[in-house]
Amino acid sequence: LREMQSRGIEPDVISYAATISSCEKAGQTDTALLLLGEMEDLGLEPNVVTFNAAISACEKGGAEHTDTALSLFGEMCNRGVWPDVITYSAAISACEKGVRKRRRRS
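In this text, all values refer to a predicted model and were calculated from it rather than measured experimentally.

What counts and what doesn't
Note on numbering: residues in each chain are counted from 1, in written sequence order. Local features in this predicted model are restricted to residues of pLDDT 70 or higher, and side-chain atom pairs are both shown and tallied only at a pLDDT of 80 or more, whereas totals for entire chains, interfaces and linings draw on every residue. Derived side-chain values reflect all non-hydrogen atoms in the structure, with water molecules and hydrogen atoms excluded from consideration. Strands here mean DSSP runs of E at least two residues long; helices mean DSSP runs of H or I at least four residues long; both are numbered from the N terminus. Helix span, expected: 1.5 Å multiplied by one less than the number of residues in the helix. Categorising residues by exposure relies on relative accessible area from a 1.4 Å probe, with only protein chains included: less than 20% of the type maximum marks a residue as buried, more than 50% marks it as exposed, and the intermediate range marks it as partly exposed. This arc corresponds to the set of directions leading from the helix axis out to the C-beta atoms. Take the buried residues of types Ala, Val, Leu, Ile, Met, Phe, Trp, Tyr and Cys, join any two whose side-chain atoms come within 4.5 Å, and each joined set is a nonpolar core. The contact criterion used is simple: two residues touch if any of their non-hydrogen atoms lie within 4.5 Å.

(A) Local environment of helix α5 (residues 66–78). With 13 residues, α5 extends 19 Å between its outermost C-alpha atoms, agreeing within 8% with the 18 Å of an ideal straight helix rising 1.5 Å per residue. Among the residues making up α5, those that are buried are T66, A69, L72, F73 and M76. Summarising the axial view, the buried residues of α5 lie within an arc of 125°, below the 170-degree limit, and thus occupy one face. Those residues of α5 that are exposed and angled more than 90 degrees off the buried face are D67 and N78. With its phi angle positive at about 80°, G80 sits one or two positions after the end of α5.

Right, dumping it as structure tokens:
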């Protein structure tokens with residue numbers, strides 16, 4: 001994204017979605033979430049692909065990101081971005097990790 005901007009090319013929703021997805025695959029949950037916020041600060045509206053990438057990043061980030069994953073799920077629905085099978089799968093996986101962590105504590 002920074003390289004694009006340095007060449008005078010403004011990133012769009014697609015380039016942000018791809019970058020957030022790359023962060024998810026690299027285990028960079030916090031960076032993925034920062035990018036989601038950054039794109040919104042620029043006035044770009046996340047779509048289902050962008051939300052899916054961010055929720056998947058939370059799921060991969062472990063139990064400490066369960067609440068964030070569910071918050072993103074609710075936010076996308078409130079914005080009229082309808083979840084798909086990928087959204088539900090990532091959200092359910094995030095919940096499962098959160099439950100496992102809570103069980104280990106008790």
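(B) How the structure looks around the nonpolar core. In this structure, Y16, I20, L35, L36, M39, I55 and L72 are the most contacted members of the largest nonpolar core, which totals 24 residues. Looking at this core, the elements with two or more residues in it are α2 (13–25), α3 (29–41), α4 (48–61), α5 and α6 (85–105). Looking at this core, the element that brings in the most residues is α4, giving six residues. For L36, the contacting residues outside a window of four places in its chain are I20, P46, T50, A54 and L72.

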